[in-house]
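A closer look at the structure
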Amino acid sequence: MNILGRVQKIPGGLLIVPMLLAAVINTLFPAFFQIGDPTTALFTSKGTMVLIGMILLVSGTQLNLSQLLLTLKRAGVLCISRILISCLFGWSFVHFFGINGIGGVSAVAFIAVLTSCNPGLYLALMNSYGDDVDRAAFGILNLIAVPVIPVMILNSASGVGIDYLNVLATLVPFLIGILLGNLDSNIQKMFAPGTMILLPFLGTSFGSNIDLGIAFQSSLSGLLVTILFLLICMLPLIGIDRALLKRPGYAAAATCSVAGLSMVVPSTAAGFNSAYVPYVDSAIAQIACAVILTSILVPFIVQRIAGKQTLPDMTKMRS
């Protein structure tokens, strides 16, 4: 049975297939992943940040210092652009529609989706279509993947700002990886297949937090917020990638998927501002729907932009 080969034929399959399988299991048997450690720690959101930290370190070992400036240039432009777009449209949404939003999409759902980025899916796609610099950008993309930015936008009137300690905590594993990989090429070689090994576990931890029933209950409003997200974020970012970075645009498109981690934004925002409490449940359902839809759509968009009809044998790739 060539299970791995079939999974690799799906763009981003190393992350998406485990995520969807875990979502099905969580929907049908919600107590399965909660039977206790180590199962719960390994396969649920309880271990998500550990896995992200490991992938940050591993991806850092693959970044040669000679590529650092180019990596900062590519990822920096995309990250800054995402933040500016999120702030501009997030504040505009609240200004024109209030926190109630429009079409059943509240401000908390819109901004949580708008600011979301799934670095795990990005890395899975760059393993297939990108180069070493694209893959190294994973470490920088994690800086905008945490819920700090959407909460900052939602609660800006209350003076909530960026938690710089969170930024530092994200950078430390990545920097340690860069140091180790550049001090010893043998360490770089040892960790080369690490991201491929860890991605299925990360996908499972995302999926184990998704209830497909709840997600489909908000399918129409979830579809609306997903379409808005792709139009507002993906199209401008592809244009920026091509105009400023002189790149094809597939890396920009790969950053435009919604992460399961964004489902914590509504509850976090409500903790700072009780005005968002009535919208928490519907927002979580809409975000879950957007996670599923973008996880399916974005890989095929990236594949089309990259101009490849089949995936290379990823077992032969360096990372």
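Reading the values: rules and limits
Position labels on residues start from 1 in each chain and follow its written sequence. At least 70 in pLDDT is required for a residue's local features to be given in this predicted model, at least 80 for side-chain atom pairs to be given and counted, and no such filter applies to totals for whole chains, interfaces and linings, which use all residues. Excluded from the side-chain calculation are hydrogens and water; included are all heavy atoms of the structure. Secondary structure elements follow DSSP: runs of H or I no shorter than four residues count as helices, runs of E no shorter than two count as strands, and numbering proceeds from the N terminus. What the globule rule says is 2.2 Å times the number of residues to the power 0.38, and the radius of gyration is computed from C-alpha atoms. Exposed residues in this analysis have more than 50% of their type's maximum accessible area, buried residues have under 20%, and partly exposed residues fall in between, with area computed by a 1.4 Å probe over protein chains only. In this description, the arc belongs to the directions extending from the helix axis to the C-beta atoms. In this description, contact between two residues means that some pair of their heavy atoms is separated by no more than 4.5 Å. One fewer than the residue count of a helix, multiplied by 1.5 Å, yields its expected span. Axis definition: a line fit to C-alpha positions, over the contact stretch in the case of helices; interaxial angles, taken between N-to-C directions, run 0 to 180 degrees. Each crossing gets its hand from how the near helix is turned against the far one by less than a right angle, where anticlockwise is left-handed and clockwise is right-handed. Nonpolar residues are Ala, Val, Leu, Ile, Met, Phe, Trp, Tyr, Cys and Pro. Charged residues are Asp, Glu, Lys and Arg, and all others, Gly as well, are polar. The salt bridge criterion pairs a side-chain nitrogen of Lys or Arg with a carboxyl oxygen of Asp or Glu, the two atoms within 4 Å. pLDDT is defined as a per-residue confidence score from the predictor, taking values between 0 and 100.

1. Quick notes on the overall build of the protein
- Counting its regular elements, the protein contains 18 helices and zero strands.
- A globule of 319 residues ought to have a C-alpha radius of gyration of about 20 Å, and the protein, at 19 Å, matches this closely.
- For the protein, the C-alpha atoms occupy an extent of roughly 55 × 45 × 40 Å along the three principal directions.
- Scored against the burial criterion, the 319 residues of the protein give a buried share of 53%.

2. Some remarks on helix H17 (residues 265-272)
- Those residues of H17 that fall on the buried side of the exposure criterion are Val265, Pro266, Ala269 and Ala270. Down the axis, H17 shows its buried residues gathered within 130° of arc, on one side only.
- Residues of H17 that are buried sit in contact with helix H6 (107-114), helix H10 (148-154) and helix H18 (280-306).

3. Quick word on unusual backbone geometry
- Residue Pro38 is reached from Asp37 by a cis peptide bond, and omega for that bond is 10°.
- Relative to the elements of secondary structure, Pro38 occurs in the loop between helix H2 (13-28) and helix H3 (39-43).
- Positive phi, close to 60°, is recorded for Lys246, a residue that is not glycine.

4. Re helix H13 (residues 194-207)
- Over its 14 residues, H13 extends 21 Å from the first C-alpha to the last, a length consistent with the 20 Å expected when each residue adds 1.5 Å.
- Burial analysis of H13 places eleven of its 14 residues in the buried class, which makes it a mostly covered element.
- Every buried residue of H13 is accounted for by Gly194, Thr195, Met196, Leu198, Leu199, Leu202, Gly203, Thr204, Ser205, Phe206 and Gly207.
- Looking at the buried residues of H13, the elements they touch are H2, H3, helix H4 (48-61), helix H7 (119-129) and helix H12 (185-191).

5. What to know about the side chain of Asn26
- Inspection of the secondary structure assignment puts Asn26 in helix H2.
- Dropping the residues within four chain positions of it, Asn26 is found in contact with Phe33, Gly207, Ser208, Asn209, Ile210 and Asp211.

6. Overview of the packing of helix H15 (residues 219-243) against H18
- Two elements in contact, H15 and H18, have axes whose closest approach is 9 Å; the angle formed by their N-to-C orientations is 35°. The way H15 lies across H18 gives a crossing that is right-handed. Contacts from Ser219, Ser221, Gly222, Leu223, Val225, Thr226, Phe229, Leu230, Met234, Ile238 and Arg242 of H15 reach H18 at Gln286, Cys289, Ala290, Leu293, Thr294, Leu297, Val298, Ile301 and Ile305.
- Residues belonging to the contact of H15 with H18 are distributed by class as follows: 13 nonpolar, six polar and one charged.

7. Some thoughts on the pattern of salt bridges
- Within the structure shown, the criterion is met by six salt bridges.
- Taking the shortest distance from any N to any O, the salt bridge between Asp37 and Lys46 comes out at 2.8 Å. Of the two residues, Asp37 and Lys46, neither departs from the other in class, the shared state being exposed.
- Three or more residues are tied together by salt bridges with common partners; here these are Arg74, Asp131, Asp134 and Arg247.

8. Let's talk about the confidence of the model for the protein
- This prediction gives the protein a mean pLDDT of 83; 91% of its residues lie at or above 70.
- In this model, residues 309-319 is a region of pLDDT below 50 whose contacts with residues beyond four sequence positions or in other chains number 32 contacts.

9. Some thoughts on the side chain of Ser86
- With respect to the helices and strands, Ser86 occurs in helix H5 (residues 68-97).
- If sequence neighbours within four positions are ignored, Ser86 has contacts with Trp91, Leu114, Thr115 and Ile153.

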